[in-house]
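Coordinate inspection notes
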Amino acid sequence: MKIGSSLPQKVINEVWHEQTILRLLQLVELPLLDVLLDGRGSASHPKSVDSDPDLLFTSNYLDREILKAFSDSQADDWLSAAVDCLEFLPDQTVVDVSRNLPTCPEETEKCKRLLYDTVVKYYNQNREPLLRNHFFDIHTGITEFLVNGKLEQALEAIQLSLKLLDSRSREELRRLLCFMAVAAVPTEFRLQKDIENRMAVKRAFTKAIVCHKSLAKGKVDLLVLFLLDNQKDVFKIPGVLHKLVSDKLAYILHGRDPDLDTGYTFCQRLSSQECSSTVQKTTKDELWTLLRTIHENPKLSTKEKKRLLGQFYKSHPDVFIQYFGDCAHTVYT
């Protein structure tokens, strides 16, 4: 972003994180903010052997390179997406796949079966879902949007929540959804005999994406299928967020107060006079409600009611007189 080119990367990252949270709070009602305020995604990235000289000539590295070369030679989106997923699998698993991969061109279906079964087996292990459980309230809000047919809000909320994921989890989820989308095509390699490909990938990978005992299965399925159908869009940055960040960085760059002029706020700025008037009105309204509660409470005895009304009159005579009018002095005597 050009506007932030003169600002430290730390400041830019903080602004992105802050504005993502603020926009998300505009869309989804959350009971607690701790998970958002404390759950900053780290700047980690998938480990790349290209950046580690010690791994360049290891057997594991060569096996991974063999798989990439195989994928490139096939010009098959299905195979490419599957091999991309293998980058997040353990070395030994990759070695086993590489050394058991059929080499004949006419054995493409055997290759796909081996790759599919390998990826499914890995993601069906007991592991934390890619959509972290500490974002459960966000996921619940998103499913409510889906249930009520508010697809635009659901998409933006998902985009924002994925922006809060650490970079490794986000990339892993992106590759998995890409593979699921290709494998789900009805005319592609048949994954299971008894069900269509779309339902097969949903059944195979749902647990790896979102898994929480408090979220109903129907809502989980709805969320996963929405991610699958919109896998190219869910990782995009919402236009609203991009503008919020750009505006705030511009104000910071020019030494102005960004909180005064940009972004979403959750309170209204008032002058001293407006604040004083608001306090007085709110206090009067609450006192009026309290007085009405005492006066109209049928459970209070006449003696107790008069005692409480007398105490109220001594403390707030103006409200008392305004409430009872001309008969104010006879009410508590």
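Starting from 1, residues in each chain are numbered consecutively following that chain's sequence as written. Two thresholds apply to this predicted model, a pLDDT of at least 70 for residue-level local features and 80 or more for giving and counting side-chain atom pairs, whereas whole-chain, interface and lining totals are computed over all residues. Hydrogens are left out, water is left out, and the side-chain values use all remaining heavy atoms of the structure.

1. Concerning the overall build of the chain
When its secondary structure is counted, the chain shows 17 helices and zero strands. Per-residue burial over the chain gives 41% buried out of 333 residues. Using the Shrake-Rupley algorithm and a 1.4 Å probe, accessible areas are obtained, with residue cover drawn only from the displayed protein chains. Here the chain has roughly 19,300 Å² of accessible surface; of this, 52% comes from carbon and sulfur atoms. Under the DSSP-based scheme used, a helix requires at least four consecutive residues in state H or I and a strand at least two consecutive residues in state E, with every element numbered from the N terminus. Burial classes: relative accessible area under 20% of the type maximum marks a residue as buried, over 50% as exposed, and values in between as partly exposed (1.4 Å probe, protein chains only).

2. A word on helix 9 (residues 167–183)
Here a helix's expected span is defined as the number of its residues, less one, multiplied by 1.5 Å. For helix 9, built from 17 residues, the straight-helix expectation of 24 Å at 1.5 Å per residue is met to within 8% by its first-to-last C-alpha distance of 24 Å. Of all 17 residues in helix 9, twelve are buried, a share of seventy percent or more. Along helix 9, the residues that are buried comprise Ser167, Ser169, Glu171, Glu172, Leu173, Arg175, Leu176, Leu177, Phe179, Met180, Val182 and Ala183. Lining the buried residues of helix 9 we find helix 4 (77–86), helix 6 (108–123), helix 8 (151–163), helix 10 (197–209) and helix 11 (217–229). Any two residues whose heavy atoms approach within 4.5 Å are treated as being in contact.

3. Description of the packing of aromatic side chains
Stacked, edge-to-face and tilted labels apply to pairs of Phe, Tyr and Trp rings (six-membered ring for Trp) whose centres lie within 6.5 Å, assigned for plane angles under 30 degrees, over 60, and everything in between, in that order. Within this structure, the stated rule accounts for twelve aromatic pairs. Their ring planes at 75° and their centres at 6.3 Å tell us that Phe179 and Phe205 sit as a pair that is edge-to-face. Here the residue Phe179 occupies a position in helix 9, and Phe205 occupies one in helix 10, the gap between them amounting to 26 residues. Phe205 sits in the buried class, given a relative accessible area of 0%. Summarising the aromatic geometry, the rings of Trp288 and Tyr323 are spaced 5.1 Å apart at their centres and angled 70° between planes, so their arrangement reads as edge-to-face. Here the residue Trp288 occupies a position in helix 14 (residues 272–296), and Tyr323 occupies one in helix 16 (residues 317–324), the gap between them amounting to 35 residues. The class of Trp288 is partly exposed, set by a relative accessible area of 27%. Residue Tyr323 is classed as buried on the basis of its relative accessible area of 18%. A network of ring pairs unites the aromatic residues Trp78, Tyr116, Tyr122, Tyr123, Phe179, Phe189 and Phe205 as a single cluster. Sitting over the ring of Trp16, Lys163 keeps its end group 4.8 Å from the ring centre. Distance and angle both matter: a charge sits over a ring if NZ of Lys or CZ of Arg is within 6 Å of the ring centre and within 35 degrees of the ring normal.

4. Some points on the state of the cysteines
Structurally, a disulfide amounts to a covalent bond that connects the sulfur atoms of two cysteines. Only a pair of cysteine sulfur atoms within 2.5 Å counts as a disulfide in this structure description. Under the defined criterion, the tally for this structure stands at zero disulfides. Among the cysteines around Cys178, which has no disulfide bond, Cys85 carries the closest sulfur, lying 7.6 Å off. Here Cys178 falls in the partly exposed class, since its relative accessible area comes to 27%.

5. Focus on the pattern of salt bridges
For side chains bearing opposite charge, pairing can occur when the charged atoms are close. Only one rule defines a salt bridge in this text: a Lys or Arg side-chain nitrogen within 4 Å of an Asp or Glu carboxyl oxygen. Counting across every chain of the model gives 20 salt bridges. Between Arg127 and Glu172 there is a salt bridge, and its shortest N-O distance comes to 3.3 Å. Residue Arg127 is found in the loop between helix 6 and helix 7 (136–147), and its partner Glu172 is found in helix 9; the two are separated by 45 residues along the sequence. Two residues, Asp229 and Arg198, come together in a salt bridge whose shortest N-O distance is 2.5 Å. Of this pair, Asp229 sits in helix 11 while Arg198 sits in helix 10; the two residues are 31 residues apart in sequence, bridging distant segments of the chain. Judged by relative accessible area, Asp229 falls into the partly exposed class, the value being 49%. Using a relative accessible area of 26% as the deciding quantity, one classes Arg198 as partly exposed. What you see here is one network of salt bridges that share partners, running through Glu87, Glu171, Arg174 and Arg175.

6. Thoughts on the packing of helix 1 (residues 9–27) against helix 8
Note on geometry: axes are C-alpha line fits, over the in-contact stretch for helices, and angles between N-to-C directions span 0 to 180 degrees. Interhelical geometry of helix 1 versus helix 8 gives an angle of 150° and a closest axis separation of 10 Å. In terms of orientation, helix 1 lies roughly antiparallel with respect to helix 8. The two elements helix 1 and helix 8 cross, and the hand of that crossing is left-handed. Of the residues in helix 8, those in contact with Trp16, Thr20, Arg23, Leu24 and Leu27 of helix 1 are Gln153, Glu156, Ala157, Leu160 and Lys163. Residue classes follow a fixed rule: Ala, Val, Leu, Ile, Met, Phe, Trp, Tyr, Cys and Pro count as nonpolar, while Asp, Glu, Lys and Arg count as charged, and any other residue, Gly among them, counts as polar. Grouping the amino acids of the contact of helix 1 with helix 8 by side-chain chemistry returns five nonpolar, two polar and three charged. Our angle categories are set so that under 35 degrees counts as roughly parallel, over 145 as roughly antiparallel, 65 to 115 as roughly perpendicular, and the remainder as oblique. In this scheme the handedness of a crossing depends on how the near helix is turned from the far one: anticlockwise by less than a right angle means left-handed, clockwise means right-handed.

7. A look at the confidence of the model for the chain
The predictor reports its confidence for every residue as pLDDT, a score running from 0 up to 100. Across the chain, pLDDT averages 82, with 81% of residues at or above 70. Taking the mean pLDDT of every element in the chain, the minimum, 53, falls on helix 2 (residues 34–38) and the maximum, 95, on helix 9. For the stretch residues 40–57, pLDDT sits under 50, and the model shows 28 contacts to residues farther than four places along the chain or on other chains.

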